[in-house]
Amino acid sequence: DTAALIRFREEWAKQGRSVEMMTKPEMNIIHELTHVFQCGIRIGLSPAWLAEGHATYVEDDLAKVWDYRNRAGEKIPDADGAISDGDAYGRGWLFFKYIEETCGAAKVREFGDVWIAQKKSHRKAAEQVTGKKWGDLKKEELEWSSRFLKASVISSGKASSPSWRYWAMAVS
């Protein structure tokens, strides 16, 4: 929860450790509000890793992606693979970042509309938004995600995803 995160950050800082790449409390609030938004429209959103990835993408904080990158190394499961709860945030973020980078930010919002509001499966939503068959899309996304993590393009605690603009469009 957010209070525990604040206490943890304070203790970490007292020990002289850097909190620069640690999830900021305000980002955690945005993350949790995204879940409120998701569940307010569609209860039982699945898969869970994608719901967490969506909230991580919207919060626009890469601490969870850094952590995933450091733990996953070369072994990234594809979108139909077993994705643990701890890996859900980073792996899911990569899926949304892939859509943004290959199709544009508007397609991320469209995916959310189709998946959450229209209640289609994530596979059908991804096919509709990208125009690609699920098998081809998940292969391409896995290759893109692997290259992205290997390239070390995550250079700061701030993502380049247009999350605030996404939220403005989502709630309007």
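The preceding data block contains the structure.
**Things to note about the overall build of the chain**
Looking only at helices and strands, the chain features nine helices and zero strands. Overall, the chain shows an N-to-C arrangement of helices and strands of α-α-α-α-α-α-α-α-α. Looking at the chain as a whole, 47% of its 172 residues are labelled buried. Taken as a whole, the chain presents about 8600 Å² of accessible surface, with 54% of it coming from carbon and sulfur.

**Considering the pattern of salt bridges**
The final tally for this structure, using the stated rule, is nine salt bridges. Linking Arg123 and Asp80 is a salt bridge whose minimum nitrogen-to-oxygen distance equals 2.8 Å. With a gap of 43 residues between them, Arg123 in helix H7 (residues 122-130) and Asp80 in the loop between helix H4 (63-72) and helix H5 (85-103) connect regions that are remote in the sequence. Judged by relative accessible area, which is 35%, Arg123 ranks as partly exposed. Residue classification places Asp80 among the partly exposed positions, given a relative accessible area of 33%. A salt bridge links Glu110 to Lys107; the shortest N-O distance between them is 3.2 Å.

**Some words on the packing of aromatic side chains**
In the structure shown here, the tally under the stated rule is eleven aromatic pairs. Put simply, the rings of Trp49, Tyr57, Phe95, Phe96, Phe111, Trp115 and Trp134 pair up and form one aromatic cluster.

**Concerning H5**
Look at H5: 27 Å from first C-alpha to last across 19 residues, which is about the 27 Å you get at 1.5 Å a residue. Two residues or fewer after H5 comes Gly104, characterised by a positive phi angle close to 110°.

**A closer look at the packing of H4 against H5**
Between H4 and H5, whose axes approach to 8 Å, the crossing angle comes to 105°. Judged by the angle between their axes, H4 and H5 are roughly perpendicular. Of H5, the residues touching H4 (which contributes Lys64, Val65, Tyr68 and Arg71) are Gly86, Asp87, Tyr89, Gly90, Arg91, Trp93 and Leu94. Here the contact of H4 with H5 is built from residues that sort into five nonpolar, two polar and four charged.

**Brief notes about H4**
Looking at H4, one finds that the buried residues are Ala63, Lys64, Val65, Tyr68, Arg69 and Ala72. Gly73 lies just past H4 and shows a positive phi near 60°.

**Considering the nonpolar core**
Ranked by internal contacts, the top residues of the largest apolar core, which has 35 residues, are Phe95, Phe111 and Trp115. For this core, the elements supplying multiple residues, two or more each, are helix H2 (25-41), helix H3 (48-59), H4, H5, helix H6 (105-117), H7 and helix H8 (134-150). With seven residues, the top contributor of residues to this core is H5. Excluding anything up to four places from it in sequence, Trp115 contacts Arg42, Leu45, Ser46, Pro47, Leu50, Ala51, His54, Phe96, Lys120, Ser121, His122 and Ala125.

**Quick word on the side chain of Thr130**
Along the chain, the position of Thr130 falls in helix H7. You can call Thr130 buried: its relative accessible area is 15%. Among the polar contacts listed, one links the side chain of Thr130 to the backbone oxygen of Ala126, at a separation of 2.7 Å. Within the structure, Thr130 has its side chain in polar contact with the backbone nitrogen of Lys132 (distance 3.2 Å).

Thresholds, definitions, all that
- Residues numbered from 1 in each chain as written.
- Predicted model: local features only at pLDDT ≥ 70, side-chain atom pairs only at ≥ 80, totals over all residues.
- Heavy atoms only, no water.
- Helix = DSSP H or I, 4+ residues; strand = E, 2+ residues; numbered from the N terminus.
- Buried < 20%, exposed > 50% of the residue type's maximum accessible area, 1.4 Å probe, protein only.
- Areas by Shrake-Rupley, 256 points an atom, 1.4 Å probe, with all protein chains shown as cover.
- Salt bridge = Lys/Arg side-chain N within 4 Å of Asp/Glu carboxyl O.
- Phe/Tyr/Trp six-rings, centres within 6.5 Å; stacked < 30°, edge-to-face > 60°.
- Expected span 1.5 Å × (residues − 1).
- Axes fitted to C-alpha atoms, helices over the stretch in contact; angles between N-to-C directions.
- Parallel < 35°, antiparallel > 145°, perpendicular 65-115°, else oblique.
- Contact = heavy atoms within 4.5 Å.
- Nonpolar A, V, L, I, M, F, W, Y, C, P; charged D, E, K, R; others polar.
- Core = buried A, V, L, I, M, F, W, Y, C linked by side-chain atoms within 4.5 Å.
- Polar contact = N/O pair within 3.5 Å; in protein donor to acceptor, adjacent residues only side chain to side chain.

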